[in-house]
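Residues per chain are reported as follows:
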Amino acid sequence: MKISDLIRKKLQEEAVGQATISKISSQEIPDVLEVCSQVFSNVMSPEEVKEYIQETADWSISIKATLGEKIIGCYIFNEDSVVQFQRCSKEYLKLYKTKKGIQGVGLAVLPEYR
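Residues numbered from 1 in each chain as written. Predicted model: local features only at pLDDT ≥ 70, side-chain atom pairs only at ≥ 80, totals over all residues. Heavy atoms only, no water.

A. Representation of the overall build of the chain. If you tally the helices and strands in the chain, you get four helices and four strands. The N-to-C order of helical and strand elements in the chain reads α-β-α-α-β-β-α-β. Taken over 114 residues, the chain has a buried fraction of 36%. Partitioning the contacts of the chain with sequence separation of at least 6, the portion at a separation of at least 24 is 59%. When the accessible surface of the chain is summed, it comes to about 7,400 Å², and 51% of that surface belongs to carbon and sulfur atoms. (Helix = DSSP H or I, 4+ residues; strand = E, 2+ residues; numbered from the N terminus. Buried < 20%, exposed > 50% of the residue type's maximum accessible area, 1.4 Å probe, protein only. Contact = heavy atoms within 4.5 Å. Areas by Shrake-Rupley, 256 points an atom, 1.4 Å probe, with all protein chains shown as cover.)

Now the structure itself:
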């Protein structure tokens, strides 16, 4: 079983209200990017957040949380080494150069749904 399936199963078991966890379709990517830009606006500008997520997300394994028709959160994953996409010092990244596995690029939930 894939890690995204395990996480989805766990989230569904702990779902609050009518929130639904599912894969992100290509049509939903702009909405997911908008959620991320709102949640991470204290870290980067909305444009930078959208660019970073777009560059690093593996949409085939990332998931979203919806309440009704509204996307209220997401968990963005990537299977590449963290060294490929993190914006940290090179010294820090040396520790992770040989590590393999799924990376959590971003976990975003709109504040009003936390």
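B. Molecular detail of the packing of aromatic side chains. Summed over all chains, the structure comprises one aromatic pair. Both rings, one in tyrosine 75 and one in phenylalanine 77, keep their centres 4.4 Å apart while their planes meet at 35°; by these two values the pair is tilted. Taking the relative accessible area as the measure of exposure, tyrosine 75 reaches 25% and is therefore partly exposed. (Phe/Tyr/Trp six-rings, centres within 6.5 Å; stacked < 30°, edge-to-face > 60°.)

C. Geometry of the side chain of asparagine 78. Within the secondary structure, asparagine 78 is located in strand S3 (residues 70-78). Take asparagine 78: its relative accessible area is 7%, and that puts it in the buried class.

D. Local environment of the pairing of S3. For S3, the tally of buried residues reaches seven of nine residues, placing the bulk of the element in the interior. By the bridge criterion, five bridges tie strand S2 (residues 63-67) to S3 in an arrangement that is antiparallel. Following the sheet pairing, leucine 67 is matched in S3 by lysine 70. Counted along the chain from S2 to the antiparallel partner S3, the turn is two residues long, and its residue glycine 68 has a positive phi close to 65°. (Pairing = 2+ DSSP bridges.)

E. Up close: the side chain of serine 37. Position of serine 37 relative to the elements: it lies in helix H2 (residues 29-39). Owing to a relative accessible area of 3%, serine 37 belongs among the buried residues under this scheme. When neighbours within four sequence positions are excluded, serine 37 is seen to be in contact with Pro46, Val49 and Lys50.

F. Just the environment of lysine 70, in detail. Relative to the assigned elements, lysine 70 resides in strand S3. Lysine 70 sits in the partly exposed class, given a relative accessible area of 38%. Along the backbone, lysine 70 and alanine 19 are 51 residues apart, and their C-alpha atoms lie at a distance of 9.6 Å. Those residues in contact with lysine 70 that lie beyond four places of it in its chain are Ala65, Leu110, Glu112 and Tyr113.

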